[in-house]
Amino acid sequence: MPKTKQSSKRKKFDYNKDRKKMKKKFIKKYKPRIEDSQIRNAWDDNKSMARNLQEMGLAFDPNRTLPIKKQRLLGEDKQTKAPVNIVTKPYVLNQLEETASRPEKDTKTLSSDLIEYVQYMIREHSNDYKAMARDEKNYYQDTPKQIKRKINEYKRCHQQHYNAFISSLAVPQPMDQ
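Residues numbered from 1 in each chain as written. Predicted model: local features only at pLDDT ≥ 70, side-chain atom pairs only at ≥ 80, totals over all residues. Heavy atoms only, no water.

## Focus on the overall build of the protein
Part 1: When you go through the protein residue by residue, the secondary structure sums to 10 helices and 2 strands.
Part 2: In sequence order, the protein lays out its α and β elements as α-α-α-α-α-β-β-α-α-α-α-α.
Part 3: Evaluated residue by residue, the protein yields a buried proportion of 18% over its 177 residues.
Part 4: Put simply, 43% of the contacts in the protein that link residues at least 6 apart link residues at least 24 apart.
Part 5: Working note: accessible area of the protein is about 16400 Å², and carbon and sulfur atoms make up 52% of it. (Helix = DSSP H or I, 4+ residues; strand = E, 2+ residues; numbered from the N terminus. Buried < 20%, exposed > 50% of the residue type's maximum accessible area, 1.4 Å probe, protein only. Contact = heavy atoms within 4.5 Å. Areas by Shrake-Rupley, 256 points an atom, 1.4 Å probe, with all protein chains shown as cover.)

Structure follows, in structure tokens:
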């Protein structure tokens, strides 16, 4: 019986492959970085992903976790029961719930140029968006709706600054003589 073609070939070293890079890539795939610190600290590398998540009280497969009604032809509805798992690390779940219940800060802000632009438009034209669109300072040729959207964004992101700016416009300045 003849030998296969592959076995008769001599092994050659491939100079085009970076072995160091390949090893790093393999390690990165085999052992991924867990972003959440609570889960990372409770993780056991010797156990499988499903086993680790089960011990923390988290779901590996949501289809198995949630009970699903199975309909029968004769009208008998049976409900599959979710498997009861023993949670050995409940502190992870408690910490995750606590961090999820904290209110999230609105970190969106606008550039100083955009704030100046919006303030100038409000100062000059108040609520006339068509006049704002025709203004010579409208360098980017924004449409009235785009300008309105920018003003609303300024109102939402910098509410105290906007209220102070509007109140300063309402008060007439004394004239110096």
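Following the structure, the description resumes.
## Some thoughts on the pattern of salt bridges
Part 1: Counted by the stated rule, this structure contains 8 salt bridges.
Part 2: A salt bridge links Glu55 to Arg51; the shortest N-O distance between them is 3.9 Å. Linking Glu55 with Arg51, this pair stays in helix H4 (residues 49-56), spanning 4 residues, or about one helical turn.
Part 3: Of the charged contacts, one joins Glu153 and Arg156 as a salt bridge, the two residues approaching to 3.0 Å between their closest N and O atoms. Here Glu153 and its partner Arg156 are both found in helix H9 (residues 144-157), 3 residues apart, which amounts to about one turn of the helix.
Part 4: The class for Arg156 is partly exposed, based on a relative accessible area of 45%.
Part 5: A network of salt bridges, in which partner residues are shared, links Asp44, Lys47, Arg51, Glu55 and Lys89. (Salt bridge = Lys/Arg side-chain N within 4 Å of Asp/Glu carboxyl O.)

## What to know about the packing of H9 against helix H10 (residues 159-170)
Part 1: The geometry of H9 relative to H10 is characterised by a closest axis approach of 5 Å and an angle of 110 degrees between their N-to-C directions. Classified by the angle their axes make, H9 and H10 are roughly perpendicular. The segment H9 lies against H10, with Tyr154, Lys155, Arg156 and Cys157 engaging Gln159, His161, Tyr162 and Phe165.
Part 2: In terms of residue class, the contact of H9 with H10 is made up of 4 nonpolar, 2 polar and 2 charged. (Axes fitted to C-alpha atoms, helices over the stretch in contact; angles between N-to-C directions. Parallel < 35°, antiparallel > 145°, perpendicular 65-115°, else oblique. Nonpolar A, V, L, I, M, F, W, Y, C, P; charged D, E, K, R; others polar.)

## Here we look at the nonpolar core
Part 1: Residues Val118, Ile122, Met132, Ile147, Ile151 and Tyr154 are the most contacted members of the largest nonpolar core, which totals 13 residues.
Part 2: Apart from residues no more than four positions distant in its own chain, Ile147 is found in contact with Tyr117, Tyr129, Met132, Ala133, Asn138 and Asp142.
Part 3: Core analysis: the next-biggest nonpolar cluster, separate from the first, contains 5 residues, Ile39, Ala42, Met56 and Leu96 among them. (Core = buried A, V, L, I, M, F, W, Y, C linked by side-chain atoms within 4.5 Å.)

Any link to function would need more than the numbers given here.
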